[in-house]
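# Tertiary structure, described
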Amino acid sequence: MLRIRSLEAGYGKLKVLKGISLHVKAGEIVTIIGANGAGKSTLLNTIAGLVKPASGEILLQGNPLEPGRPDLMVRGGCALVPEGRQLYPSLTVRENLILGGYSLSGRRGRRRSLDNLEEVYRLFPVLKERRNQLAGTLSGGEQQMVAIGRALMSEPDFLLMDEPSMGLAPLIVRDIFSVVKALKDQGKTVLIVEQNARAVLEIAHRGYVMETGSLIMEGTGSDLLDNNEVKRAYLGRDYKEFTD
Amino acid sequence: MYSREYEAMEREDREQLQVERLQMTLRQVYKNVSFFRSLYDERRIDIEGVKSLEDLSRLPLTTREDLRKSYPYEAFAVPLRDIVRIHSTSGTSGIPVVVGYTKTDLNTWSSLTARVLSAAGVDGNDLVQIAFNYSQSTGGLGFHYGAEKLGASVIPVAGEEVIKQARIMKDYRTSALISTPGYALHLASVLEEQKITPEDLNLRVGLFGSEPWSENMRHQIEEKLKIKAYDNYGLSEIIGPGVAFECSERRGLHVSEDHFIVEVIDPETLKVLPEGEVGELVFTTITKQAFPLIRYRTGDISRILPGSCPCGRTLRRIERVSGRIDDMIIIDGRNLFPSQIEALLFEIEGVEPHFQIILDRQEGLGRIEIQVEMTPDFFSFDEVRRVEDFKEKIQNQLISRFGLHAKITLTEPRTLGRTGGDKVRRVVDLRED
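Residues numbered from 1 in each chain as written. Chains lettered and ligands numbered in written order. Predicted model: local features only at pLDDT ≥ 70, side-chain atom pairs only at ≥ 80, totals over all residues. Heavy atoms only, no water.

## Side note on the pattern of salt bridges
Across all of its chains, the model carries 44 salt bridges over all chains by this definition. Its salt-bridge partner being Lys103 of chain B, residue Asp226 of chain A comes within 3.4 Å of it at the nearest N-O pair. A residue pair is termed interchain when its members come from two chains, as with Asp226 of chain A in the loop between α9 (221-225) and α10 (228-234) and Lys103 of chain B in helix α5 (residues 103-119). We note a salt bridge from Asp55 of chain B to Arg58 of chain B, for which the minimum N-O separation is 3.2 Å. With relative accessibility at 15%, the residue Asp55 of chain B sits in the buried group. (Salt bridge = Lys/Arg side-chain N within 4 Å of Asp/Glu carboxyl O. Helix = DSSP H or I, 4+ residues; strand = E, 2+ residues; numbered from the N terminus. Buried < 20%, exposed > 50% of the residue type's maximum accessible area, 1.4 Å probe, protein only.)

## With respect to a nonpolar patch on the surface
All names here are of chain B. A grouping of Tyr73, Leu80 and Ile86 is seen on the molecular surface, where their side chains present a nonpolar patch of about 250 Å² in accessible area. With respect to the helices, strands and loops of the structure, Ile86 is situated in strand β1 (residues 83-88). For Ile86, a relative accessible area of 33% corresponds to the partly exposed category. (Patch = residues over 30% accessible without salt bridge, like charges linked within 9 Å, V, L, I, M, F, W, Y side chains within 5 Å. Areas by Shrake-Rupley, 256 points an atom, 1.4 Å probe, with all protein chains shown as cover.)

## Regarding the pairing of strand β10 (residues 214-220) of chain A
All names here are of chain A. β10 sits mainly inside the fold: six of its seven residues count as buried. Looking at chain direction, strand β9 (residues 206-211) and β10 are connected through six bridges and run antiparallel. Looking at β10, one finds that Arg206 is bridged to Thr220. Between the antiparallel neighbours β9 and β10 lie two residues, among them Thr212 with a positive phi of about 35 degrees. (Pairing = 2+ DSSP bridges.)

## Details of unusual backbone geometry
A negative phi angle characterises most non-glycine residues, just as the trans form characterises most peptide bonds. All names here are of chain B. Residue Pro72 is reached from Tyr71 by a cis peptide bond, and omega for that bond is -10 degrees. With respect to the helices and strands, Pro72 occurs in the loop between α4 (64-68) and β1. Backbone geometry places Arg295, a non-glycine residue, at a positive phi of 50 degrees. Looking at where Arg295 falls in the secondary structure, it is placed in the loop between β11 (279-285) and β12 (296-302). The exposure class of Arg295 is buried, given its relative accessible area of 2%.

## Some words on the nonpolar core
Phe36, Tyr40, Tyr233, Phe283 and Ile318 of chain B are the most contacted members of the largest nonpolar core, which totals 51 residues. Every residue in contact with Tyr40 of chain B, bar those within four places of it in the chain, is listed here: Leu26, Val29, Tyr30, Ile45, Ile47, Leu59, Pro60 and Ile294 of chain B. Ile33, Ile176, Val200 and Ile203 of chain A belong to the second largest nonpolar core, which has 46 residues in total. (Core = buried A, V, L, I, M, F, W, Y, C linked by side-chain atoms within 4.5 Å. Contact = heavy atoms within 4.5 Å.)

## Digging into a positive patch on the surface
Residues Arg107, Arg108, Arg110 and Arg111 of chain A make up a contiguous surface patch of positive charge. Positionally, Arg108 of chain A belongs in helix α4 (residues 106-123). (Lys, Arg positive; Asp, Glu negative; His and termini not counted. Charge placed at Lys NZ, Arg CZ, Asp CG, Glu CD.)

## Things to note about the packing of helix α2 (residues 11-32) of chain B against helix α3 (residues 34-42) of chain B
All names here are of chain B. Two elements in contact, α2 and α3, have axes separated by 5 Å at closest approach and are oriented at 100 degrees. Considered as vectors, α2 and α3 are oriented roughly perpendicular to each other. Taken together, the residues of α3 that come into contact with α2 (itself represented by Leu26, Val29, Tyr30, Lys31 and Asn32) are Ser34, Phe36, Arg37, Tyr40 and Asp41. Grouping the amino acids of the contact of α2 with α3 by side-chain chemistry returns five nonpolar, two polar and three charged. (Axes fitted to C-alpha atoms, helices over the stretch in contact; angles between N-to-C directions. Parallel < 35°, antiparallel > 145°, perpendicular 65-115°, else oblique. Nonpolar A, V, L, I, M, F, W, Y, C, P; charged D, E, K, R; others polar.)

## Remarks on the interface of chain B and chain A
Each partner contributes to the interface: chain B provides 22 residues, whereas chain A provides 29 residues. The contact between chain B and chain A buries some 2200 Å² in all, and 32% of this surface belongs to carbon and sulfur atoms. If you sort the residues of chain B by the area they bury against chain A, Gln16, Met24 and Arg81 of chain B come out on top, with a joint share of 27%. Summed over the shared surface of chain B and chain A, the result is eleven salt bridges. Measuring nitrogen to oxygen at the nearest pair gives 3.6 Å for the salt bridge that ties Arg21 of chain B to Glu218 of chain A. (Buried area = accessible area lost by both parts, 1.4 Å probe.)

## As for the packing of aromatic side chains
Each pair of aromatic rings is reported with the distance of its centres and the angle of its planes. All names here are of chain B. Scanning the model with the defined rule gives eight aromatic pairs over all chains in all. For the pair Phe76 and Phe291, a centre-to-centre distance of 6.0 Å together with 85 degrees between the ring planes defines the contact as edge-to-face. With Phe76 in the loop between α4 and β1 and Phe291 in the loop between β11 and β12, the pair connects residues that are 215 residues apart, well separated along the chain. Neither Phe76 nor Phe291 differs from the other in exposure class; each is buried. Where Tyr101 meets Trp109, the ring centres are 4.8 Å apart and the plane angle is 10 degrees; that geometry is what we call stacked. When sorted by exposure, Tyr101 lands in the same class as Trp109, which is buried. These aromatic residues form a ring-pair network of at least three members: Phe35, Phe36 and Tyr40. In this arrangement the basic side chain of Arg250 is found over the ring face of Tyr230, its NZ or CZ atom lying 5.6 Å from the centre. It is Arg320 that lies over the ring of Trp213; its NZ or CZ is 4.8 Å from the centre. (Phe/Tyr/Trp six-rings, centres within 6.5 Å; stacked < 30°, edge-to-face > 60°. Lys NZ or Arg CZ within 6 Å of the ring centre and 35° of its normal.)

Here it is in structure tokens:
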């Protein structure tokens, strides 16, 4: 589905991504875990076409991406769930969702858009109840549902998610991730960038560990959960457990 | 196939996987192993510059000598508390190389030996008799875990008297044997002495490795034990058994390229050789955590076989290892490999594949003696004339093929140094310089 080779990107003189190579197969949930500032969001934004890479290659379904053209990404079947949801707080839930289907145009597009809306309501029944409520008045978890729902409106095969658990209570995080798992069962491919390593590794097929702009480790979700270096650095285990 | 997803992976996908894993391994060794960090820093090599598999050849090679300097634990890339197993190389010629494994490494390793066993047709219904030592060397435990992973019944016999091993083989209905090829022949002759015929056994397959052997030796083993014999390749520094293996085609050994990158270099110029050319095998580990190695010179002679294998695996194949760089005998300016002597001996009927080359010097001139063990039948003839005929035959062949004048000594069966699952010492060099 996605293949990235030796990708470098940054802001001005600051090199944030120092040669990233990774791949995501169709139907896989892959996660990139790492500490704050490791470059995870920059990586996701580069894939989404929001940041121009300095060098390297991104292939989606075997086709090279045109940097800086997020619209082409969306038409290519790829959608981003951005960090911090990025909803329009003064629009209703329904309006926010409809905006996600902007790439579907014309009469048929509108009909499909409405079908997709029903599909999102099926996935998140609470959004249907609140469809006329302003997005800014929702709880964090509900807002995250809107953000995911909005991404699904463009009928993507491939979903990029940036820190979906950010600022959410553990129980809500579990809910969000069980939705991600449900998406996988629908045949969607998901790449999630996450700081909450434990929760995401429990649902991911594979994960990469990112540190200061480089990937330093790869493995299945369970391998990484079991890895001492990951435990020490990202699962918040007491360092003493490992030294004594 | 044990792991079709990786064994039959599309070339392009595998290249992607190798590049990803190589880059991660380079970052780990640079961060955590002082030997590699100073190696690259001294040469001003930026590991971030490795963007493709071709770029690998720009990195310096590593040798066993380099690793010895890190004795015992300096070359580990993880803290000692993450290590769950420690093996080491035999160290017969100096300080051993100590090899650590994390839990994940052991998992990887047993999947790899399971892959090797499975390619030879071993499955969960087999009774696998392992004659390799369960010691510091990796043969025994490496295969043990792989066979258990397949769900086979493992019978560890290392350390038992060979007669007892023969009896176990018969009584326990062993179906797969794992040992050195030399030991398999040894077992065969003991079985013969014990009047146990292949028909009395359930043995159907054998996996042999850890010493160079020839196609002729394979025929002998298959003939005597009435089994199918498979070659496999590995070395402790890299992981142990599980690096490369034969499939049912038995035309070369598939390298587990999802875990190791193989190169063949010219041992003199150190340049990478194109596919098909004979040289020294060099491996880079790309999934090992505790003891990763970048461009490690194995000292083993082989080549990468061109073309694809009908078995469906896309893993490239290497030719069976024909000898070691350091086994190369230089006598009076001529190069000779013990494997060449071995091949010659096989062509001469009645000679067991056990021999030893003794190098000496007389008044400055090199002298070579080849001691060959004879079969029991042969000695029972007790015909001096026939013995002399054989010696002459060997001598003539040595002269015509290698221009080598050698003394030939025939010895009684099993008199050359060989114990348990250990290797026969092929070359004894008495020259001092």
